[in-house]
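# Tertiary structure, described
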Amino acid sequence: MEAARLSPGDPNSFSRPDLCVVRRIHLNLTVNFALNILSGSVDLSVERQRNDVHSVVLDAKQLTIEEVHHLETGKTLKYTLDGATASFGSKFEIHLPTESPECITVRIKYRTSSNASALQWLKSEQTAGKKHPYLFSQCQAIHARSILPCQDTPSVKAPYTAEICVPADLVVLMSAVRNGSVLHAEDSTLRLHKFEQKVPIPSYLIAIVVGALESRKIGPRSHVWSEKEFVDAAAYEFSETEEMLKAGEELLTPYVWGIYDLLVLPPSFPFGGMENPCITFVTPTLLAGDKSLANVIAHEIAHSWTGNLVTNANWEHFWLNEGHTVFVERKIASRMAGEKERDFEALGGWKELQGTLNLSCG
């Protein structure tokens, strides 16, 4: 029996952007390694799509909601948080003031669970350096709702800003442009980092990493980041990043994200790569020493256009993201290594598809 859709536009999201949509996000969070949680607030600027709408519907998963209020007036807002489902979390509906403008901002004070499905917390002994803890996120496909209350569907895109407070001896990066950092005004052991993502993105592309990270410049708009034990090897492995970016621009349009950085994660990262805007997350298994696995970077760069700029409306159509990205990835390969390289990769893909079908269908 087919499961019921959670909403008309997205079977995996309770949100109703057709009635009231999130237009802008601001995060103000503290990273707590002792409790393995994020705590603070999110400001959501929302816009009614009809005059008779008086609530905004969001997704939330394992979040503790402490307070909701209208940012402009300070008035507390009523809300309902439904019981949780196993995979999708809860429907979170905030009741808006009946007499308010079309666009308003609500502030939600909350904290995450120590078991948030989007967050991977590593103890110091699980890292290469063995001295500091480490945190990274993976929001695709429907895990952003465990980091912040949001309309967790790829059909909704919003720019975001963030202020993230972390231990002063650690570095924090996000899927956004870094906007400087300052010591915390009241606690010198903490540092406040600021970020801005001007290009509207879906919630699954919000990303964060915190750790003892170093960087090396590998191009005019690119750095590679990792623990110091891997950073020089990573800089060598991904030294052709700028050439790939230029090839993508020649094939498509100018790159709009400002920077293209790479982050080499600990081995527990479960994917080859994740195309977070401004900073692609990659597995250390790509560090072959001979650049032979760098085609994964071409794939993630291609996502800067196909997926991150033009996105599937919901996860029923995920093939649109990945199919077009593989096509562009192979076109980049042909620009860099010749048409025979593209043919070779296409042949490998065809054989892999055949093998998958034979395994699935017998």
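Preceding block: the structure.
Parameters and conventions
- Residues numbered from 1 in each chain as written.
- Predicted model: local features only at pLDDT ≥ 70, side-chain atom pairs only at ≥ 80, totals over all residues.
- Heavy atoms only, no water.
- Salt bridge = Lys/Arg side-chain N within 4 Å of Asp/Glu carboxyl O.
- Buried < 20%, exposed > 50% of the residue type's maximum accessible area, 1.4 Å probe, protein only.
- Helix = DSSP H or I, 4+ residues; strand = E, 2+ residues; numbered from the N terminus.
- Axes fitted to C-alpha atoms, helices over the stretch in contact; angles between N-to-C directions.
- Parallel < 35°, antiparallel > 145°, perpendicular 65-115°, else oblique.
- Left-handed = near helix turned anticlockwise from the far one by under 90°.
- Contact = heavy atoms within 4.5 Å.
- Pairing = 2+ DSSP bridges.
- 1 Å grid on protein atoms, 1.4 Å probe; cavity = no way out; pocket = protein on both sides within 12 Å on 5 of 7 lines; lining within 4 Å.
- Points joined across faces, edges and corners; volume = space filled by probe spheres on them.
- Nonpolar A, V, L, I, M, F, W, Y, C, P; charged D, E, K, R; others polar.
- Patch = residues over 30% accessible without salt bridge, like charges linked within 9 Å, V, L, I, M, F, W, Y side chains within 5 Å.
- Areas by Shrake-Rupley, 256 points an atom, 1.4 Å probe, with all protein chains shown as cover.
- Core = buried A, V, L, I, M, F, W, Y, C linked by side-chain atoms within 4.5 Å.
- Disulfide = S-S within 2.5 Å.
- Polar contact = N/O pair within 3.5 Å; in protein donor to acceptor, adjacent residues only side chain to side chain.

Attention now goes to the pattern of salt bridges. Applying the stated rule across the entire model yields 15 salt bridges. The partner of Asp 18 in a salt bridge is Arg 16, and the shortest N-O contact between them spans 2.7 Å. With relative accessibility at 42%, the residue Asp 18 sits in the partly exposed group. We note a salt bridge from Asp 232 to Arg 216, for which the minimum N-O separation is 2.9 Å. In this pair, Asp 232 is assigned in helix α1 (residues 228-237) and Arg 216 in strand β15 (residues 214-219), connecting sequence segments 16 residues apart.

Take the packing of helix α2 (residues 241-251) against helix α4 (residues 318-337) next. Put simply, α2 and α4 touch, their axes get as near as 9 Å, and they point 110 degrees apart. In terms of axis orientation, α2 runs roughly perpendicular to α4. Along this stretch, α2 crosses α4, giving a crossing that reads as right-handed. Contacts from Glu 243, Met 244, Ala 247, Gly 248, Glu 250 and Leu 251 of α2 reach α4 at Val 328, Lys 331, Ile 332, Arg 335 and Met 336.

With that settled, consider the pairing of strand β9 (residues 134-137). Burial along β9 is two-sided: Tyr 134 and Phe 136 and Leu 135 and Ser 137, pointing in opposite directions, are all buried. In this structure, strand β8 (residues 119-122) lies alongside β9, joined through four bridges in antiparallel fashion. Of the residues in β9, the one forming a bridge with Leu 119 is Ser 137. Where β9 and strand β14 (residues 208-211) come together, two bridges link them in antiparallel fashion. By the bridge assignment for β14, Phe 136 is matched with Val 209.

In this section: the sheet that holds β8. Taken together, four strands build an open sheet; the order of strands is β8-β9-β14-β11 and the sheet is antiparallel. Every interior strand has two partners, whereas the edge strands, β8 and β11 (171-174), have only one. Shown here is a sheet whose adjacent strand axes are inclined to one another by a mean of 10 degrees, direction ignored.

This part covers the environment of Pro 97. Mapped onto the fold, Pro 97 is located in the loop between β6 (90-95) and β7 (103-111). Residue Pro 97 is classed as partly exposed on the basis of its relative accessible area of 21%. Along the sequence, Pro 97 and His 69 sit 28 residues apart, while their C-alpha atoms lie 10 Å from each other. Apart from the residues within four sequence positions on either side, Pro 97 is in contact with Arg 48, His 70, Leu 77 and Ile 104.

For the rest of this paragraph, the subject is empty space enclosed by the protein. Leftover empty space is mapped by rolling, across the atoms, a probe with the size of a water molecule. Tallied over the entire structure, the rule returns five cavities of 30 Å³ or more. In this structure, the largest cavity encloses a volume near 80 Å³. If you go around the largest cavity, the residues you meet are Val 22, Ile 25, Cys 150, Gln 151, Val 156, Lys 157, Ala 158, Ile 201, Pro 202, Ser 203 and Ile 206. Split into classes, the residues belonging to the lining of the largest cavity amount to eight nonpolar, two polar and one charged. Around the second largest cavity, the lining residues are Leu 27, Leu 29, Leu 38, Ser 137, Ile 147, Ile 164, Met 174, Ile 206, Ala 207 and Ile 208. Among the residues making up the lining of the second largest cavity, the classes are represented as nine nonpolar, one polar and no charged.

Taken together, seven strands build an open sheet; the order of strands is β4-β7-β2-β1-β10-β13-β12 and the sheet is mixed. The sheet is open, and its two borders are formed by β4 (64-70) and β12 (177-183), each paired with just one other strand. Across the sheet, the mean angle separating the axes of adjacent strands is 15 degrees when strand polarity is ignored. Inspection of the sheet shows strand β2 (residues 37-48) paired to β7 by nine bridges, in the antiparallel sense.

The next thing to look at is a nonpolar patch on the surface. Together, Leu 347, Trp 350, Leu 353 and Leu 357 make up a nonpolar patch on the protein surface, roughly 410 Å² of accessible area in all. Relative to the helices and strands, Trp 350 is located in helix α5 (residues 339-361).

Counting residues in each nonpolar core, the largest one holds 95 residues, and the members touching the most others are Ile 25, Val 31, Ile 94, Ile 108, Ile 164, Phe 238 and Phe 281. Here the element with the most residues in this core is strand β1 (residues 20-32); it accounts for six residues. Among residues more than four places away in sequence, those in contact with Ile 164 are Leu 29, Val 31, Val 172, Met 174, Arg 191, Leu 192, His 193, Phe 195 and Ile 208.

The subject of this paragraph is the layout of surface pockets. What the largest pocket holds in volume is close to 350 Å³. Considering the residues around the largest pocket, the lining is formed by Asn 295, Val 296, His 299, Glu 322, Val 326, Glu 329, Arg 330, Phe 344, Glu 345, Gly 348, Gly 349 and Glu 352. The residue makeup of the lining of the largest pocket, split by class, is three nonpolar, four polar and five charged.

Here the structure, examined in full by the defined rule, presents zero disulfides. Looking at Cys 150, it has no disulfide partner, and the nearest cysteine sulfur is the one in Cys 139, 7.9 Å off.

With that settled, the discussion passes to the side chain of Gln 151. Inspection of the secondary structure assignment puts Gln 151 in the loop between β9 and β10 (158-167). Using a relative accessible area of 2% as the deciding quantity, one classes Gln 151 as buried. A polar contact is formed between the side chain of Gln 151 and the backbone oxygen of Cys 20, at a distance of 2.8 Å. Engagement of the side chain of Gln 151 in a polar contact is seen with the backbone nitrogen of Val 22, the distance being 3.0 Å.

Keep in mind these values describe shape, not function.
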